[in-house]
Amino acid sequence: DSETVRKPSDIVALVRQHRPKAVFLDGVYILESDSSTKSSWEKIVDVIKDIKHEVAIGCHVPVVITTQLSGKVGKQDMDADSDAAAYAKALGDLADSMDALFGDDQYKLSNKRLLSGLEAREFQPIKIQINFNMTTMDFSEIKVISNDDNDDEDFDEGDPGEIRY
């Protein structure tokens, strides 16, 4: 509820109350910091640190945070690196994985997107073509496009089965 959840402390309270298996924060840059004297960049760093320490580490709940790509990446671009994320430095220092969702006009017309791993601490990032249908809520995997060991050709590990949430 955007009327009552404005700060990381609000999210921490809700996590402790409801004990979810995961937390999804869409547009982390909208959250307010407890500090009013810092720059907007410093406030975002504080917000992300609070979420990481209090929710992910303190409550043992994984957190997925979204932000926008910076203005350096065009709407038709299908690739970028982790530095292209808005507030990249703050995210990169604290994230276990940074991923991006790309979709040019052709992808969007066919209800598909490219989920691209930009950076990861514990595993090799990959690129996966996925369905992206908001009407049917179908976000299933179509195929693995590449991984770092095999960037120049399609990479197929066989049928991974259904992704369940």
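Predicted model only: the values in this text are computed from it and were never measured. (Residues numbered from 1 in each chain as written. Predicted model: local features only at pLDDT ≥ 70, side-chain atom pairs only at ≥ 80, totals over all residues. Heavy atoms only, no water.)

J.: Help me out: how do you make sense of the overall build of the chain in this one?
T.: When helices and strands are counted, the chain shows four helices and six strands. Counting helices and strands in the order they occur from the N terminus, the chain gives α-β-α-β-α-β-α-β-β-β. Residue burial in the chain is summarised as follows: out of 165 residues, 35% are buried. Contacts in the chain between residues at least 24 apart in sequence constitute 40% of all its contacts with a sequence separation of at least 6. For the chain, the accessible surface area stands at approximately 11100 Å², while carbon and sulfur atoms represent 48% of it. (Helix = DSSP H or I, 4+ residues; strand = E, 2+ residues; numbered from the N terminus. Buried < 20%, exposed > 50% of the residue type's maximum accessible area, 1.4 Å probe, protein only. Contact = heavy atoms within 4.5 Å. Areas by Shrake-Rupley, 256 points an atom, 1.4 Å probe, with all protein chains shown as cover.)

J.: Just to check I follow, could you spell out unusual backbone geometry for this structure?
T.: Note on backbone geometry: most residues besides glycine have negative phi, and most peptide bonds are trans. With a phi close to 55 degrees, H60 is a non-glycine residue in the positive phi region. Tracing the sequence through the fold places H60 in the loop between α2 (40–57) and β2 (63–65). Residue class for H60 comes out exposed when judged on its relative accessible area of 68%. Not every positive phi belongs to a glycine, and N111 is a case in point at roughly 55 degrees. Mapped onto the elements of the fold, N111 is located in the loop between α4 (105–109) and β4 (112–120). Look at N111 and you get partly exposed, because its relative accessible area is 34%.

J.: It is not clear to me how the nonpolar core should be interpreted in this structure. Could you clarify?
T.: The tendency in soluble globular proteins is for nonpolar side chains to be buried as a group. Counting residues in hydrophobic clusters, the biggest one holds 27 residues, and the most contacted among them are I11, V15, V23 and V55. Listed by contribution, the elements that provide at least two residues to this core are α1 (8–18), β1 (23–25), α2, α3 (88–94), β3 (97–102) and β4. A per-element tally of this core places α2 first, with five residues. Excluding its chain neighbours within four sequence positions, the residues that come into contact with I11 are V5, V23, L25, L31, I51 and V55. (Core = buried A, V, L, I, M, F, W, Y, C linked by side-chain atoms within 4.5 Å.)

J.: Would you explain the environment of D99 in this entry?
T.: Residue placement: D99 occurs in strand β3. Within the structure, D99 has its side chain in polar contact with the side chain of S97 (distance 3.0 Å). (Polar contact = N/O pair within 3.5 Å; in protein donor to acceptor, adjacent residues only side chain to side chain.)

J.: I would appreciate a short explanation of α2 in the present structure.
T.: The α-helix advances 3.6 residues per turn, and as a result positions three or four apart in sequence lie on the same side. For α2, built from 18 residues, the straight-helix expectation of 26 Å at 1.5 Å per residue is met to within 8% by its first-to-last C-alpha distance of 24 Å. Restricting attention to buried positions, one finds in α2 the residues I44, V45, D46, V47, I48, I51, K52 and V55. (Expected span 1.5 Å × (residues − 1).)

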